[in-house]
Structure formats: C-alpha cells, structure tokens
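Commentary on secondary and tertiary structure
Each chain is listed here by its residues.
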Amino acid sequence: MTEVLAADGRPLKASLNRALRRQKLRALALIAPLLIFILVSFVMPIADMLFRSVENEIVSDTLPRTVQALESWDSSSGEAPGEAVFNALYTDMALATEYKSHTRLGSRLNYELTGVSSLFRKSGRRVKRFDTDVYADAFRDADPAYADPSQWAAWMGDDTVRAAVPVTAATYDAWAKMIVEVDNDDPAKEEPWDFVYTSLYNEAVAGASLPVAVDVSGVEPVSLREQFVEVDKNWLDIDVWQTIKIYAPKYTNGYFLNSVDLLKGPDGAEARPESERIYVVLFIRTMIMSLSIMGMCVLLGYPIAWLLANLKDRTANLLMILVLLPFWTSLLVRTSAWKVLLQQQGVINDVLVWIGLVADDGRLQLINNQTGTIIAMTHILLPFMILPLYSVMKTIPPSYLRAAKSLGATDWTAFWRVYFPQSVPGIGAGCILVFILSIGYYITPELVGGTKGVFISNRIAYHISSSLNWGLAAALGSILLAVVLLLYWVYDKIVGIDNVKLGG
Amino acid sequence: MSGLPPYASTGQRVWYYSFRVICGVIFFFLIAPILVIIPLSFNAENFFTFTPEMLAFDPAGYSTKHYQDFFTNSDWQLALRNSLKIAPVATLLSVSLGTLAAIGLSQSHVPFRRAIMAVLISPMIVPLIISATGMYFFYSNPYIPIPFYGKLELPFTLTGTYWGVVLAHAALGIPFVIITVTATLVGFDQSLTRAAANMGAGPVTTFFRVQMPLILPGVVSGGLFAFITSFDEVVVVLFVGSAGQKTLPWQMFTGLREQISPTILAVATILIAVSVALLFVLEMLRRRSERLRGLSPG
Amino acid sequence: MKTTLKLMATSCLTLTASMAFADGHMANEMTIVSWGGAYSNSQQKAYHEPYMENTGVNIINDESSAEAVAKLRAMNEAGNVTWDVVDVVASDAIRLCDEGLALEIDADTQLADGDDGSKASDDFGDLLVSECFIPQIVYSTTVGYRTDLVGDTAPTDICAIFDTDAYPGKRSLEKRPINNMEWALLCDGVAKDAVYDVLETEEGQAQAFAKLDTIKDDVIWWSAGADTPQLLADGEVVMGSTYNGRLFSLIEEQKQPVAMLWDAQVFDLDGWIIPAGLTPEREARALDYVKFATDTQRLADQSKYIAYGPARASSAPLVGKHADLGIEMAPHMPTDPNNAKNTFLYNYEWWADYRDDLDAKFQAWLSK
C-alpha cells in the first residue's frame, strides 16, 4: 500500500495531524486567557475557602508546648493533667497574651465548648501577675549575671549552655522573638520575663547544669496548676482539656461533623444534643423549598413560554419585555416590594378583605414564612425558567401539532403526546437553572423568610459576618457546593451545558 | 395560537380565553412588584406604606422629595458614580475575554471541552455566598500556588479596592457572555471565515470585518447580561468592596437595613426606566441581526 | 463596522477613564465606618461636617459597622487596613481589643478634657469599658407600641410583650437570643440580678425558651434596625423592640401613632475604635478626629439630631433642643433619671462566653 502524499510531499496523514494539532493549539490559545482569568479570580478563591473547612492550625500555633505536653495525658483517666502540662500552658499563655492570640483561640474553642472564651480571657489577664516572680528574684539575688540582659543574650548564643538547658533556651528564643515582633525592642537590652526564669528553675530542679551555678533548693516551688485553678476552677474541668486535645491536630474534620449536627468527641463522632441540631434540617428544608420554587416556576413559566413562542414575533417581543423587566429590576427592590404586597396590612390582604374573601381579623399570613420565600423567589427566578423554555419551544415546528390533530388527535393528546415531549429539554434546562440558583440564595430569604423560610446560605452568611466561625461556614459551603456540582454534572449529562440559551 | 379558527368548538373557545386569562394573571404576577414600586416612590412619607392620602389620590400624599434626595445626596451620587465606573469595566473584561474564549470553544477540535466549559460556567453555578466569601478571603491575601514549593504570596491586596470589585464582577459576568456568544456561534457559518482568508484577509481583519459584525448581537446581549449582573450585584461587593467602591445595590442594601427610605424606590424607578431603554436597544439589535442573517448564506 | 469601531473606542475610553479614577487612598481622605441611616446623619452633622471644615480632610462614610468585627479581622489577616475610625457597640469593641485588632487609647492624654475641667477618664467614668473603646453615646433597646392598637389600657411594663391576652396581635423582636432571653426570664418571675445566673443553667435556658414559646407564633423576628419602625408604621405589629432613637424619630419626627416604654430597657454603649495597624500619619489623623469628635460640645451636639445620650457627664447640661423640631431633647435621653428608673444592665462578659452556644440553641428553637 502506498502512502498518500500531500502537495508538499509529506505523508497526508502527518500533514493532517499537524493541521489538527495547530487548530487545537489555536483554539486553546483563544481560550487560555479567560481560563487563566477564571482560575485565578474565581476557582482559586473557592478552593482557598474550602480549605478553611479543615484547617485548624490555631490550637497548635498558639499553644505548641501545651499540645505537646498533653500527648502523654490520658483523657479517659478522669483527672485533669498534671504540673508539666500547666508549666507548658504557662509559657504558651504568657506569650499568647502578648500576641493577643489567646482570646482568638478562646473564641475558636468556645465554638466547641461554652465558657472557654472567658477562661482564656481571664487567664490571659492574670498570667503576668502569677507568683512565679519568686524564681526570677531567686536567680537574680543569687547572681547578678541573671539580671543582665546582655549576659542572657550571650548565654543563649552559646551552644554548650543551650545544650545544658534546652527548654530554657527554646523559651528564651520564643520570648526574644516576641520582644522583637510585638514590642519592637532589642532582647539584648531587656531582662527576660518571669516565665523564662520559671523554665530555668524547672530545669535546675531537674538537675541541669546552669551557666552560673545557683542553689535553688531553698526556693519554695510555685504550683502553676494551683495558680491557674485560682484564676478559674474550670482549668480542672476535663472537658476543657479534652477539647484542647481533640482540636490539637493541624487539620480537623470537626467543622464538617458540626455541619451535619454531629460532635467531635474523644472517641470519634457523636450526635449533638437535640436542642442544638439545625443544619440537617436546614439542608433538607433548602432542598425542599428549592424544589417547590422550581415546581412553581415550571407551572407559571410553561404557559408564558408557550404563549410567547406561538404569538406573532412583534407581539411576543413586546410581551417579552414584561418578562425581562423584573429580571432587570434590582433584586433588593423587588424583594422589598414583595414585603409591601404580602404583609398582613399589605396590598394583597387589603384587596382580599375589600373583596370580602377574607375577614379583617383573619388576614392571611403570606410573609415571614415559607410562603413568602416561595412567592418572592418564584418571581425572581421565573425568567430563568421562561427564557430557556422559550428558546426550545421556538424550535418546535407548529406543523407537528397540526399534523397530529389532522390525524385525529384531540387537543390534549396532540399536546401531551407530540408537543410536550419536545419541550422537555427546555423544562430540564430551566429546572436545573432555577434549582441551582435558588439553593444558593440568601438575601431574599433573609428579608421575607422569617424563621422557617430561611436557607442554609443564611447560616453561612451568619457564620461569616457575625459569629466569625469561618471554618464552619466553609464546611457548610463545601457541602452546598458539592450538592450543586453533583446537580450540574447530572444536568450536563442529561441536557448538555451548550443547550442553555438566555433569550439573546 | 394566532387567532381562533372559525370552526372551534365551545370547549376550545372556553379554553382559548381562559388560557389567555391565566397568562394575563401570570404576567401580572411578573410585574406586580414594579407596579408597587413606582407609586410608592412618590410617597410623601418616609415609609414603604400606602398612606390613606395616597389611596385617596390626594396630591398632598405625593411628592418628588425622594427623587430630590437621590440627586442631591452625596452618598447616592457616589454610589451611582461607582456603579457606572465598575459595571462597564467589568463588562468589558468579561466580554473581551469571553468572546475570544467562545470563539475558541466553537472550533471543531477542542481538547477537554466539557471540563473547560464547566470551569468557565462555574461562577454562575456556585452559590453567591460561597463565591463572595471565597473571594473575600483570597483577594485579601492573593497568592499563586506553586507545586512542590508552596504559596507565592503576592505583595498586594484586592479586597476593598476598585480592581478587586471589577475582577470579581467580571468573573461573575463571564458565564453569561460564554453562553450567549457560543449560542450565536452555533449558527455561524464557518465557510465565511474561510472565504475571507481565501481572499487574503488576515485573522485579525477576518475577525473584525466578518465574524464580529455577525456575532455582535450575541456579544452585546451577553454584555448586557454581564452589565446587569455587575450593576445589580450586592453580595460580592459587600464582601470584596469597601466604602470607596460602594455601588447602588450596596447603598440600597444598607439603606434597607439601617433606615427604610423610599429613595431606594425612586432609584429603582429610574433604573426601571433605564432598563426599558436598554431592552429597547436590545430589541433593535435583534432586528438588525435578523436582517444581517437574512443576507448571509445558509 | 462603524458601530463596532465606535463601541471599541468608547470602551477603551471608559477603561482609561476609570483607571484614572480608580483607587488610591488620597492623602487627605479618611474612611469612617458607622451604622448608616439617621445615626450616620447625626454624626455627619455633629462631627464630620465641622471637622472637614476645620481641617480640610475629606471623610468617606462606610456603613459597615454591622460587619465590622469580621471585616477588621480579615483586613488584619491581609495586613491592609482600609478603615480609619470605626463605630461599634461596646461588646464588639471588647472583642476587637481582645484580638489586638484595635488601638489602645489612653483617655487622659489622647482625649479632650471635659468642658468643666474634669479629666477625660473621670468624665467618661464607668463607660470606658475597654482600653480601646472611646464611648460616644448611651442607648437603650426598648419597646414601642401602636397607641391605636393596644386598646384602652396602654402597656406600662416590659412583660406586655408576653401578654397576648391583653395585647393581641403580632410583636417584633430581634432575631437573636440577646435581650429576648433576659426579658423572658424577667417576665417569668426571675429577679433582675439573678437573670444571668439562671440563664447559665440548662434549666434556666429551657425556662426562657418555654416563656418565649408562649408568644412564638405571634412574633415577627427582625434583624435590621429599620424593621421595627417600618412594621409599627404599617400597623403590622402591635409592639416591637428597637433602639430608643428609632422610636423617638418615629414618634416625634414622623408623627406616627406610637408610644414607647421605659421599663427594663437594656442599656448599652456605642463608640469609636481605631483599628490597629494604621500607618503613623493615618493613626495620628484618626486620633485627632476622635479627640475632636468626642469632646464635650460635639457629643452634646449629636443629641440635637438623634435621641441618644452623650457619653460624657459634662455634656449632659449642654443637651439642648432638637435641630429641626425645636423640642427639648433631655427628657428623651435614655440617661434621663425619669427614664432610667428601671433599666437592665447588659452583661458583656457573660454574653462573650455564651453567645455562640445560645445562638445555636436559639436558631434550633426558631426552626422548630
């Protein structure tokens, strides 16, 4: 078999392949700018946000020593941890107070256990005034070198000293870093704070060789455990320590468990108490209400689309303006207008009372409940149903209906067996569009939904801007996004994303 | 539907008229809020309430003070200027990038077409609150992830800046441009570009002189959707923007939250008038496109 | 073709024009964040306008106080603080100060002395609830009712909210546990100073929810400050909780048939904080503004436009008449002895701890 050659003498197959490759590259080159733009300005932010749903570095960043010391504590022992953990906590707390990160951690852990917030705030306020100044005094009294900042700096630059008192060296480093970062001072000119002397004392008692020998046996030891308990007896509460231990890892599934009304306990997931379960109910409600809104849109949108598709172009275009006008009126304004219309002293109730359909004291409750949300959102999303339906119906030749009728079908049979099946892709497109848009809404439900007509997005917004529980917001958002993506995938399989038209 | 045949039965007649009534009711449902907005914007009181004076058509119940407020209040004027500064630029960005990409996507051999399409459409399908918060966090501290290296932090922030809002709005408008332009390109006859190339036109000339005029209606209508998206967007701008980028919807939102004032309705009425004008333009363009299409072969 | 060219040209022009307009924190500009509405207007007239006139600084108003804590935290994470001065309620100021997001202020050296010669720290007194907080006004959350809808006996105490027999109809309450839980316990026979101790227990919370259950079907829950006044004006509710300044404006300025209760109203503070992390020039300017805006005369001036009490003791004698209505403002202040006979003190510390927990329970309760 001889190879077919192209005009330039190359094999035709290779030549065609080359042309195809070039075409592909050209297409990609056209798409690339937008693709990069969307990836950077949109996809990355979403990914970044989803990451917050598992990220949990704050505990180990703020209390690194405590977290480490807690590893050896058995949470099922029924006893609060011992002196070693409180020693670590003292150093962590003293540093965190300067960085003002202890209250931030307090509010983080308060999401998991009520009361931690004030526990941390109180302890932070008092930690500088603990009785550990006796250690510092003991060292300074024993040898003036211990009161000399530059001497300290020199010791801490000396590897043999560092090897002899490793814990003190690490504590000193953290202290020096804090002095530079927070106070903008030179550690070589500042006398170390009490907690550094405390580390030194602990190591001295354990038999480490100090840079200048000091006999610490005469110093009355201060129990940090007691010091903390004096500030707040909740430091003896096992739940506090369990919470710290459970949330110590850098990554957590705690937010996701919380989003499905579970609790991260010491032995894995547990059910939340009945009185705190909200999210599963909200997810289900969001789904059901979005489905109702979608159903309402089909019900109202289908006749309109049919009318528009079968009228003369000029009339249809005129009526189309009625469809597009609300579409282009500010969402906020439309929602407020619905408030005016729907409330009990509102226009609709007034009219109903005036006609006599409803008694004056039996005015209908149309707003601040699910009815309100469904009415307002159906109105807002109706154009998204009408437009795709209309563009599909436009492509159905009217002669099909006539043919069916001339073959003896009744009006109903002709519509149901001939016209309707052909309009199904339009219904599909409209439904998925309306459904996807509606489960993400939050402003309209917030304004007209009352208590039972709000969606999961309202809680996400609440956690973003009021409770500052961004991790939980991200977890709820991830679940919502997963649902939407699943729907999108189904939609693409059934209808194909290319088949959406927006009336243009 | 164009008229009832003379031989229609009584049942058909009844159905024909009741169907029209049903459609009328639905159309009424569609524009009911607008019918409320316009009279209330002339309310003499500072509430969203039909006062007895208004219902009695007493001239004392009406006033144009909310319109005056809109035109004299510096906050509203700043918001209007911002909206007019942000929406066109965001639209321009989404239209130019979106049109190029749509042309690329409409070629016959595009690898990973479905996946690319999904990414480009994603701003429309991701719930707004998620987009808003994601952008809020990311624009505060933008970075570029580099595999096996980590994050390359960028030395600027976009939250609270003009460009931050423009980028966010451009991203939100893109799906509309992609959808409408690809839809127009489906009907575009590729042999026209080949003919132009045959006659010696370069790709740029071909694009501007042959392709662009024919797909222009799709581009413009996509652009209008993108414009409205930005012009009516409140969730993202509340998160990503700051007072310097306060747009009309932002001002309306804080207005509704802090002090209900019919100025919001006056603004809406003005915007409705503008929308009608825009819709009219769209309709003219559509008719023009039909004329042009009538001339094109196939 | 011509159209295309024109279109392109216009777009290019728009782009360049907007780039020229865009951005840039101009040297003589500061962003002040507040709540918006009538409250921002009163600040505009009493503080911003004279300050701009004196100094030539241009003030941009941002109405984001409702999201202040979240936004300041994000700005701080990003290291780009775009706000110069922020108006927040006291509990938010405490939170911001705790997190190191607000600047600590020394009242005596950085704020103006009182007109009567008293030191700033004495003049503000107990109202300096946090090192970062510069008090501005004292306000109350209280209840207003429609005079034409309550029948012959107008309500006199807070428990009218729970009395649906005497006052049938809807009432509006804020969609959060704060204030509602306290009022529920007060009206269920708990003594005023025991409220927070009771609320700390599971049984106490159940008791409060049980009390709220009795009116659950009659409540419209509000989340925006503008809601209750609108609902009262529409006659949509018989009574509702809101801030006393809103009720003043509804009654005196808008002449609506509404009256208000001064009983077990919840006393709270609102004031300024300066975000941490500003450049030295911006920080100096912010301090300069705050010093000006919280002096004795300025605080007294604000009460000409809105019925909130000035936070300085020395401002009280200077409270005069309303700027437009010409009525004496003193009797409308939450600090007026006649109004403050039976106030309820809000416990900041307690709510800082229990806010998240009770909110989850409150939401769960609402959705049942």
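The name given to chain B in an unreviewed UniProt entry is Putative spermidine/putrescine transport system permease protein, with Litoreibacter halocynthiae as the source organism. Looking at chain B in UniProt, the text filed under Sequence similarities (unreviewed entry) is "Belongs to the binding-protein-dependent transport system permease family."

Chain A has the name Putative spermidine/putrescine transport system permease protein in an unreviewed UniProt entry, where Litoreibacter halocynthiae is given as its organism. Note on chain A: under the UniProt heading Subcellular location (unreviewed entry), the record states "Cell membrane". As recorded by UniProt, the Sequence similarities (unreviewed entry) comment attached to chain A reads in full: "Belongs to the binding-protein-dependent transport system permease family. CysTW subfamily."

Details of the overall build of chain A
Scanning chain A from terminus to terminus reveals 24 helices and two strands. For chain A, the C-alpha radius of gyration of 35 Å lies well beyond 23 Å, the compact-globule estimate for 504 residues. Each principal axis of the C-alpha distribution contributes one length, and for chain A these read about 115 × 95 × 40 Å. Across the 504 residues that make up chain A, the buried fraction comes to 47%.

Observations regarding the overall build of chain B
When helices and strands are counted, chain B shows twelve helices and two strands. In chain B, the succession of α and β elements from N to C terminus is α-α-α-α-α-α-β-β-α-α-α-α-α-α. Its C-alpha atoms give chain B a radius of gyration of 24 Å, more than 25% over the compact-globule value 19 Å for 298 residues. By principal-axis analysis of the C-alpha atoms, chain B measures approximately 75 × 70 × 35 Å. The buried share of chain B, reckoned over its 298 residues, is 51%. Taking the intrachain contacts of chain B between residues at least 6 apart in sequence as the baseline, contacts between residues at least 24 apart amount to 71%.

Notes on the UniProt feature "transmembrane region" (unreviewed entry) in chain A
In the numbering used here, UniProt assigns the feature "transmembrane region" (unreviewed entry) to residues 27–47, 282–309, 316–333, 374–392, 424–443 and 470–491 of chain A. Segment residues 470–491 of chain A splits into 100% helix and 0% strand. End C-alpha atoms: 31 Å apart.

Comments concerning the UniProt feature "domain: ABC transmembrane type-1" (unreviewed entry) in chain A
Under the local residue numbering, the UniProt record ascribes the feature "domain: ABC transmembrane type-1" (unreviewed entry) to residues 283–491 of chain A. Between the first and last C-alpha atoms of residues 283–491 of chain A the distance is 21 Å; the span itself is 78% helix and 0% strand.

Examining the interface of chain B and chain A
Contact with chain B, which involves 82 residues of that partner, is made by 72 residues of chain A. Counting only elements with at least two residues in the side of chain B that touches chain A, the list comes to α1 (10–40), α4 (74–105), α5 (113–125), α6 (128–140), α7 (162–186), α9 (203–231), α11 (248–258) and α12 (263–295) of chain B.

Re the UniProt feature "transmembrane region" (unreviewed entry) in chain B
Residue and element names in this part refer to chain B. Residues annotated by UniProt as "transmembrane region" (unreviewed entry) correspond here to residues 21–42, 86–105, 117–139, 162–188, 214–240 and 260–282. What you have in residues 86–105 is 100% helix and 0% strand, and the ends, taken at the C-alpha atoms, are 28 Å apart. Between the C-alpha atoms that bound residues 117–139 the distance is 24 Å, and the span itself is 91% helix and 0% strand.

Overview of the packing of α4 of chain B against α11 of chain B
Between two packed helices, both the angle of their axes relative to each other and the distance between the axes serve to describe the pair. Residue and element names in this part refer to chain B. Taken N-terminus to C-terminus, the directions of α4 and α11 make an angle of 145 degrees; their axes are 7 Å apart at the nearest point. Counting all contacts with α4, which are made through D75, W76, A79, L80 and S83, the residues of α11 involved are L248, W250 and Q251. Among the residues making up the contact of α4 with α11, the classes are represented as five nonpolar, two polar and one charged.

Describing the interface of chain B and chain C
Taken together, the contact pairs 33 residues of chain B with 30 residues of chain C. At the level of elements, α4, α6, α7, α9 and α11 of chain B are the ones that each hand at least two residues to the side of chain B that touches chain C. Residue composition of the side of chain B that touches chain C, by class: 16 nonpolar, twelve polar and five charged.

Concerning the nonpolar core
By size, the foremost hydrophobic cluster in this structure holds 286 residues, and its most contacted members are A305, L381 and V434 of chain A, V236 of chain B together with L96 and I273 of chain C. The contacts of I273 of chain C, once residues within four sequence positions are left out, are V86, V88, A93, L96, A102, C132 and F133 of chain C. In this structure, V59, V85, V196 and L210 of chain A belong to the second largest nonpolar core, which totals 50 residues.

Some thoughts on the pairing of strand β2 (residues 268–271) of chain A
All names here are of chain A. Summarising the sheet, strand β1 (residues 262–265) and β2 pair through four bridges and their orientation is antiparallel. Across the sheet, the residue bridging to G265 is G268, located in β2. Here β1 folds back onto β2 in antiparallel fashion, the turn holding two residues.

Examining the confidence of the model for chain B
Looking at chain B as a whole, its pLDDT mean stands at 85, while 97% of the residues score no less than 70. Here the prediction assigns the complex a pTM of 0.88, and the interface score ipTM is 0.84.

Things to note about the environment of N80 of chain C
Position of N80 of chain C relative to the elements: it lies in the loop between α3 (68–78) and β3 (85–89). Residues N80 of chain C and V129 of chain C, spaced 49 residues apart in sequence, show a C-alpha to C-alpha distance of 27 Å. Filtering out sequence-adjacent residues up to four positions away, N80 of chain C remains in contact with T157 of chain B together with M75 of chain C.

Observations regarding the pairing of strand β1 (residues 29–33) of chain C
Residue and element names in this part refer to chain C. When you tally the buried positions in β1, you get four out of five residues, the bulk of the element. Across five bridges, the pairing between β1 and strand β2 (residues 58–62) is parallel. In the sheet register, V33 faces β2, and the bridge partner there is D62. The β-α-β motif built from β1, the intervening helix α2 (residues 37–55) and the parallel element β2 has right-handed crossover chirality. Where β1 meets β3, two bridges bridge the pair, whose relative direction is parallel. Within the sheet, the bridge partner assigned to I32 lies in β3 and is V85.

Overview of unusual backbone geometry
Despite not being glycine, F57 of chain B has its phi angle at roughly 55 degrees, a positive value. Summarising the element assignment, F57 of chain B is placed in the loop between α2 (52–55) and α3 (65–72). Of the residues examined, F57 of chain B has 8 C-beta atoms within 10 Å and is grouped as exposed. Positive phi outside glycine occurs at A264 of chain C, with the angle close to 50 degrees. Note on placement: A264 of chain C falls in the loop between β8 (258–260) and β9 (265–273).

Structural notes on the domain arrangement of chain A
You can read the domains of chain A as domain 1 (1–51), domain 2 (60–128 + 225–252), domain 3 (132–221) and domain 4 (279–499). A C-alpha centroid distance of 50 Å is found between domain 2 of chain A and domain 4 of chain A.

Looking at the environment of A475 of chain A
Residues and elements named next belong to chain A. Checked against the element boundaries, A475 lands in helix α24 (residues 470–494). The exposure class assigned to A475 is buried, which follows from the 27 C-beta atoms found within 10 Å. Through-space distance from the C-alpha of A475 to that of A309 is 44 Å; in sequence the pair is 166 residues apart. Setting aside chain neighbours within four positions, we find A475 in contact with S53, Y255, F256, N258 and S259.

Structural notes on the packing of helix α5 (residues 102–110) of chain A against helix α6 (residues 116–126) of chain A
Residue and element names in this part refer to chain A. One can describe the packing of α5 onto α6 by two numbers: an axis separation of 7 Å at closest approach and a directional angle of 160 degrees. One element, α5, and the other, α6, form an angle in the roughly antiparallel class. Every pair of crossing elements has a handedness; the one defined by α5 and α6 is right-handed. Residues H102, T103, L105, G106, S107, L109 and N110 of α5 form the contact with α6, whose own contacting residues are V116, S117, L119, F120, R121 and G124.

Rules of the game
Residues numbered from 1 in each chain as written. Chains lettered and ligands numbered in written order. Predicted model: local features only at pLDDT ≥ 70, side-chain atom pairs only at ≥ 80, totals over all residues. UniProt positions renumbered as here; feature names shortened; annotations may be inferred. Helix = DSSP H or I, 4+ residues; strand = E, 2+ residues; numbered from the N terminus. Rg over C-alpha atoms; globule rule 2.2 N^0.38 Å. Buried ≥ 20, exposed ≤ 12 C-beta atoms within 10 Å, placed from the backbone. Contact = placed C-beta atoms within 7 Å. Axes fitted to C-alpha atoms, helices over the stretch in contact; angles between N-to-C directions. Nonpolar A, V, L, I, M, F, W, Y, C, P; charged D, E, K, R; others polar. Core = buried A, V, L, I, M, F, W, Y, C linked by C-beta atoms within 7 Å. Pairing = 2+ DSSP bridges. pLDDT = per-residue confidence, 0-100. Right-handed = clockwise from strand over helix to strand, strands pointing away. Domains from an automatic or database assignment. Parallel < 35°, antiparallel > 145°, perpendicular 65-115°, else oblique. Left-handed = near helix turned anticlockwise from the far one by under 90°.

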